[in-house]
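Observations on chain architecture
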Amino acid sequence: MSQRRDFIKKAALGTIGISTVLSCKELTEKEDATAEKVVQKNQKKPVIISTWNHGLPANEETWNSLKNGKSALDAIEAGMKIPEADPKVRSVGYGGYPDREGKVTLDACIMDHQSNCGSVSFLQGIKHPISVAKRVLQNTSHVMLSGQGALQFALSEGFTEENLLTAEAERDWKKWVEESKYKPVINIENHDTISMLVVDNDGNISGACTTSGAAWKMHGRVGDSPIIGAGLFLDNEVGAAAATGLGEAVIRTAGSAMVVELMRQGKSPLEACKEIVERIYDKHKNHRDLEYLQVGFIALNKNGEYAGYSLRSGFNYAVYDEEYGNRMEDAAFKMPWEN
Ligand code: SD4
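Every chain begins its residue count from 1, and numbering advances along the sequence as written. Only residues with pLDDT of at least 70 get local features here, since the model is predicted, and only at 80 or more are side-chain atom pairs given and counted; chain-wide, interface and lining totals rely on the full set of residues. The basis for the side-chain values is all heavy atoms of the structure; hydrogens and waters are excluded.

Time to look at the side chain of Ser119. Secondary structure elements are defined from DSSP: runs of H or I of at least 4 residues count as helices, runs of E of at least 2 residues count as strands, and each element is numbered from the N terminus. Along the chain, the position of Ser119 falls in strand E3 (residues 117-123). For Ser119, a relative accessible area of 0% corresponds to the buried category. Within polar-contact distance, the side chain of Ser119 engages the backbone oxygen of Pro226 at 2.7 Å. Classification of residues uses two cut-offs on accessible area relative to the type maximum, computed with a 1.4 Å probe and protein chains only: under 20% is buried, over 50% is exposed, and between them is partly exposed. Throughout this description, a polar contact denotes any pair of N or O atoms lying within 3.5 Å of each other; where both atoms belong to protein, one of them has to be capable of donating a hydrogen while the other can accept it, and for residues adjacent in sequence the pair is counted only when both atoms sit in side chains.

Pasting the structure below:
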């Protein structure tokens, strides 16, 4: 049996640790050890990992771009543009849920192995915020441009303005306005950012995020996704991490930076993600956000070992490597209220 078929079979049987949905209680030493063994095998480069189902076509594009000799940044941009342009993806770019005023406002960032970063937040009318973020990285001496200034920069770089609010998104927004209650639906309305982490052929690490942010947010609200250290962080000597979920909680805890820091201290991607999710839960135990709090992290280290971990069930991510191809894996999760 081919290794790929063997993997699929094992995954179906639930015998592969990291790809199996495990609650915190279930993450026994044995299963932790299994998870580690699986990821240890994944040391061939490149390795691409990205959040949610829309990660599959994004990974595919990034993989092919890397194989065709594109730089990691160009390959990541190409991948992220797929969900950004897809109106069926309701949480990223064109077709994304608007804010409570009916405006689609976008956040994105990108970071390379030399710690160069580019980011845009509260950007309106530009279909590919990831490309604008990349231009910020390449063509300015800044890291982050926001709102009108980000739009002005995009236009000066030759991007064109267009309406990003589709008829479907407008219809859903009008329905929301009838009640106007901000209580994001877990895994649907405050999630589904695409975050992607890559170890390229040379073993260098880079990453990116792009999102329309939390549905029905206040006009002007910026989430974690464009903030280096919150939605995305990497250190080429160590590894990378990225977040999805309630951005406010990730910002409060400098989530992705902390995951990378724990990996620097010797933790595996799984251990690092788990510890930060638990810390976020502890900080929010008595917080008004707890009711709809969901956070998830993906992490990838220098060896190509990876993991995903979230507070509640339902978070999955796409992984592409030479050995097993492009596939979805379920993140382990904590579910603290069952303890
Ligand atoms: C945010 N982290 O803006 C993002 C939400 C998300 O699709 O994951 N959105 O808070």
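Structure's up, so let's keep going.
Two numbers describe a pair of aromatic rings. These are the distance of the centres and the angle of the planes. The rule is short: rings of Phe, Tyr and Trp, with Trp giving its six-membered ring, pair when the centres are within 6.5 Å, and they are stacked under 30 degrees, edge-to-face over 60, tilted in between. Evaluated as defined, the whole model comprises six aromatic pairs. Look at Trp63 and Tyr320: their rings are 4.0 Å apart centre to centre, the planes differ by 5°, and that puts the pair in the stacked class. Pair noted here: Trp63 is in helix H3 (residues 55-67) and Tyr320 is in strand E11 (residues 316-321), with a separation of 257 residues, a long-range link. Aromatic ring contacts, followed pair by pair, group Trp52, Tyr306, Phe315 and Tyr317 into a single cluster.

So, on to the sheet that holds strand E5 (residues 194-199). Should DSSP find at least two bridges between two strands, the strands are taken to pair. Read from one edge to the other, the open sheet built from eight strands follows the order E4-E3-E2-E6-E5-E1-E11-E12, with strand pairing classed as mixed. Edge positions in the sheet fall to strand E4 (144-146) and strand E12 (325-330), since each has one partner strand and no second. For this sheet, the mean inter-axis angle between neighbouring strands, taken without regard to orientation, is 10°. Examined bridge by bridge, E3 and E4 share three bridges and lie parallel to one another. Working convention: axes come from line fits to C-alpha atoms, limited for helices to the stretch in contact. Angles between N-to-C directions cover 0 to 180 degrees.

A word on the pairing of strand E9 (residues 295-301). Counting buried positions along E9 yields seven of seven residues, so the element is predominantly enclosed. With burial as the criterion, each face of E9 is covered, one bearing Val295, Phe297, Ala299 and Asn301 and the other bearing Gly296, Ile298 and Leu300. As judged from the seven bridges shared by strand E8 (residues 239-245) and E9, these two strands associate in the antiparallel manner. Counterpart to Ala240 in the pairing with E9 is Leu300. The pairing of E9 with strand E10 (residues 306-310) spans five bridges and is antiparallel. Looking across to E10, one finds that Leu300 is bridged to Tyr306.

In this section: the nonpolar core. Formed by 31 residues in total, the largest nonpolar core has its most connected members in Ile110, Val120 and Val132. Of all elements in the fold, only H3, helix H4 (72-85), strand E2 (106-111), E3, helix H5 (129-139), helix H6 (147-156) and E5 reach the threshold of two or more residues within this core. Here the element with the most residues in this core is H5; it accounts for five residues. Leave out the neighbours within four places in its chain, and Val132 touches Val120, Leu123, Ile126, Ala150, Phe153, Ala154 and Phe159. Buried residues of nine kinds, namely Ala, Val, Leu, Ile, Met, Phe, Trp, Tyr and Cys, make up a nonpolar core once their side-chain atoms join them within 4.5 Å. The next biggest cluster of nonpolar side chains, apart from the first, holds 27 residues, and it includes Val259, Leu262, Val295 and Ala299. Whether two residues are in contact is decided by their heavy atoms, any of which lying within 4.5 Å being enough.

Along the chain, Ser91 turns up in the loop between H4 and E2. What makes Ser91 buried here is its relative accessible area of 4%. In the structure, Ser91 is positioned 102 residues away from Thr193 in sequence and 6.2 Å away in space, judged by C-alpha atoms.

Any Lys or Arg side-chain nitrogen found within 4 Å of a carboxyl oxygen on Asp or Glu counts as a salt bridge. All chains considered together, the criterion is met by 22 salt bridges. Between Glu179 and Lys181 there is a salt bridge; the shortest N-O distance is 3.7 Å. Summarising the burial analysis for this pair, Glu179 and Lys181 share the class exposed.

With respect to the element layout, Asn301 can be found in strand E9. Between the alpha carbons of Asn301 and Val238 there is a distance of 6.0 Å; along the sequence they are 63 residues apart. Ignoring sequence-local partners within four residues, the contact set of Asn301 consists of Val199, Ile205, Val238, Gly239, Met263 and Pro269. Of the polar contacts made by the side chain of Asn301, one reaches the side chain of Glu305; its length is 2.7 Å.

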